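Structural overview
Spelled out from the first residue to the last, the chains are:
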Amino acid sequence: MMLCSDFKEFRTHLQQLAGTRRVVAVIDNKVENLYGEAFPFEKMTVVAEERHKTMQTVEMLIQRLLELHADRDVLLLGVGGGITTDICGFVASIYKRGVACGLVPTTLLGMVDAAVGGKNGVNMLGYKNMLGTIRQPEFVVSTIDFLSTLETAEVRQGLAEMLKAFLIKGEYFEECGAFFANNGVGEMLEDGTKRSQLQAFIQAAVAVKEGLVREDEQDNGVRQLLNLGHTFGHALERCTGMSHGDAVAIGMVCAAKCVNSADTPLITEVLQSCGLPVEVPAGVSRAAMLEAMMQDKKRADGRCRVVVLEAVGRVEVREMELQELRW
Ligand SMILES: NC(=O)c1ccc[n+]([C@@H]2O[C@H](COP(=O)([O-])OP(=O)(O)OC[C@H]3O[C@@H](n4cnc5c(N)ncnc54)[C@H](O)[C@@H]3O)[C@@H](O)[C@H]2O)c1
Ligand SMILES: [Zn+2]
């Protein structure tokens, strides 16, 4: 991913990347209202809500592309958060058996996670990301300036995935945590030094994901480490309806407690200092959690595949009996 230091540089790069091609943008309607003039292309807007991340939206977009007589040489540009880039990537991978795709993530989560790694897709019958492909976009380009309008709760969702990357790699975990604990994104963007720092942390988190994807694009091996916190996290999302990043934060603490990691207090403290939740809510019973985990698509043979967190920088995939799970 190319992360430009400001909006001006971003626009220059985007123009170069698009070249003289016909570009059709699939753009989040909120982003269109805020930044629309930066994307002087034909546009199709989408509403960034999980309930619209469906085949119906995919079909609607494809219908529009046909009406526009978009050819195989069209470049589809996905502009928005993960919902939008996931939908755009999927449409690009199937329209006329595949057309070029470029992504512009505009949320922190999109920058560090959703737009990186080539996974795309939509939900089906209430199950998340049931349909999709793995196909690398031609380019991913963005700028930290998009983050100026992002709501605090959305920043937190991205931060959880960033800290996850640093826990896996064993670098910057405490530094990044302290940076976000002590500064709001607004402050970060106003100060030159802090801008560079923010950019460096995002790029470092992206590098962790890119590295694992390079080694295991199809997700049969090391890429699975990126599921740290997600087995517990998905169950929590299902039981409580809480946001994904918040659930993953709690899930990462569970993944440490699960193996009695000596780093559990440190991990808990850093996440908490950034405003992330760290405990399974009192109302969620053990039975409900286990039941939700059983339904998780990462389970194999009634057992549960969990990424455990032995220590900061020491994670591994382990097959565990549900009874062994503790939190
Ligand atoms: N493909 C992958 O590998 C992958 C990885 C992680 C997550 N995902 C997917 O990503 C999605 C979540 O992504 P997300 O958190 O970016 O959510 P999102 O796309 O819903 O965006 C969050 C909210 O922020 C708004 N928004 C976007 N950019 C903005 C900006 N610059 N300023 C103000 N508001 C802005 C959106 O309109 C939306 O309301 C989920 O559907 C998830 O499944 C995919
Ligand atoms: Zn996640």
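Residues numbered from 1 in each chain as written. Chains lettered and ligands numbered in written order. Predicted model: local features only at pLDDT ≥ 70, side-chain atom pairs only at ≥ 80, totals over all residues. Heavy atoms only, no water.

Turning our eyes to something else, we now look at the pairing of strand S5 (residues 100-105). With five of six residues buried, S5 lies mostly within the body of the structure. Relative to S5, strand S4 (residues 75-80) runs parallel, the two sharing six bridges. In the strand pairing of S5, Leu-75 is matched with Ala-100. For the crossover from S4 across helix H4 (residues 82-94) to S5, the handedness is right-handed. Two strands pair when backbone bridges link them, and S5 and strand S8 (residues 139-143) are joined in this way by two bridges, in the parallel orientation. Counterpart to Gly-102 in the pairing with S8 is Phe-139. (Buried < 20%, exposed > 50% of the residue type's maximum accessible area, 1.4 Å probe, protein only. Helix = DSSP H or I, 4+ residues; strand = E, 2+ residues; numbered from the N terminus. Pairing = 2+ DSSP bridges. Right-handed = clockwise from strand over helix to strand, strands pointing away.)

Moving on, we come to the site of ligand 1. In the vicinity of ligand 1, 25 residues are found, and the nearest of them are Asp-28, Glu-50, Thr-106, Thr-107 and Thr-149. Between ligand 1 and Gly-82 there is a distance of 2.8 Å, counted from an oxygen atom to a backbone nitrogen or oxygen. Interatomic distance of 2.9 Å between a side-chain N/O atom of Asp-86 and a nitrogen atom of ligand 1. Alone, ligand 1 offers 860 Å² of accessible surface; in the complex the protein occludes 88% of this. Breaking the shell around ligand 1 down by element, the ones donating at least two residues are helix H2 (29-35), H4, helix H5 (108-114) and strand S7 (127-131). In terms of residue count, H2 provides more of the shell around ligand 1 than any other element does, four residues in total. Each residue belonging to the shell around ligand 1 can be placed in one class, and the counts come to nine nonpolar, six polar and 10 charged. (Near = heavy atom within 4 Å. Polar contact = N/O pair within 3.5 Å; in protein donor to acceptor, adjacent residues only side chain to side chain. Areas by Shrake-Rupley, 256 points an atom, 1.4 Å probe, with all protein chains shown as cover. Nonpolar A, V, L, I, M, F, W, Y, C, P; charged D, E, K, R; others polar.)

So, on to a nonpolar patch on the surface. On the surface, Met-124, Leu-125, Tyr-127, Met-130 and Leu-131 cluster together to form a nonpolar patch covering roughly 520 Å² of accessible area. Ranked by residue count, the leading element in the nonpolar patch is S7, at three residues. For Leu-131, the location among the structural elements is in strand S7. (Patch = residues over 30% accessible without salt bridge, like charges linked within 9 Å, V, L, I, M, F, W, Y side chains within 5 Å. Salt bridge = Lys/Arg side-chain N within 4 Å of Asp/Glu carboxyl O.)

Our focus in this paragraph is empty space enclosed by the protein. It is the rolling of a water-molecule-sized probe over the atoms that shows where space remains empty. Within the structure shown, the criterion is met by two cavities of 30 Å³ or more. In this model, the largest cavity occupies a volume close to 100 Å³. Secondary structure elements with two or more residues in the lining of the largest cavity: H4 and S5. By volume, the second largest cavity is sized at about 60 Å³. What lines the second largest cavity is Val-112, Asp-113, Glu-161, Met-162, Lys-164, Ala-165, Ala-205, Lys-209 and Leu-226. Within the residue set of the lining of the second largest cavity, elements represented by two or more residues are H5, helix H6 (152-169) and helix H9 (192-215). With four residues, the top contributor of residues to the lining of the second largest cavity is H6. When its residues are assigned to classes, the lining of the second largest cavity shows five nonpolar, no polar and four charged. (1 Å grid on protein atoms, 1.4 Å probe; cavity = no way out; pocket = protein on both sides within 12 Å on 5 of 7 lines; lining within 4 Å. Points joined across faces, edges and corners; volume = space filled by probe spheres on them.)

Under the criterion given, the structure shown has 17 salt bridges. A salt bridge links Asp-86 to Lys-53, with the nearest nitrogen and oxygen atoms 2.8 Å apart. Of this pair, Asp-86 sits in helix H4 while Lys-53 is found in the loop between strand S3 (42-46) and helix H3 (55-67), placing the two residues 33 residues apart along the sequence. The exposure class of Lys-53 is buried, given its relative accessible area of 3%. Asp-113 is the partner of Lys-209 in a salt bridge, and the nearest nitrogen-oxygen pair spans 2.7 Å. Of this pair, Lys-209 sits in helix H9 while Asp-113 sits in helix H5, placing them 96 residues apart in sequence. Each member of the pair Lys-209 and Asp-113 is classed as buried.

The next thing to look at is the domain arrangement of the protein chain. Domain boundaries assigned for the protein chain yield domain 1 (2-149) and domain 2 (153-327). Here the C-alpha centroids of domain 1 and domain 2 sit 25 Å apart. Summed over both sides, the interface between domain 1 and domain 2 buries roughly 2000 Å², with carbon and sulfur atoms accounting for 62% of that surface. The largest contributions to the domain 1 side of the interface with domain 2 come from Leu-108, Val-112 and Ile-144, which together make up 28% of the buried area. (Domains from an automatic or database assignment. Buried area = accessible area lost by both parts, 1.4 Å probe.)

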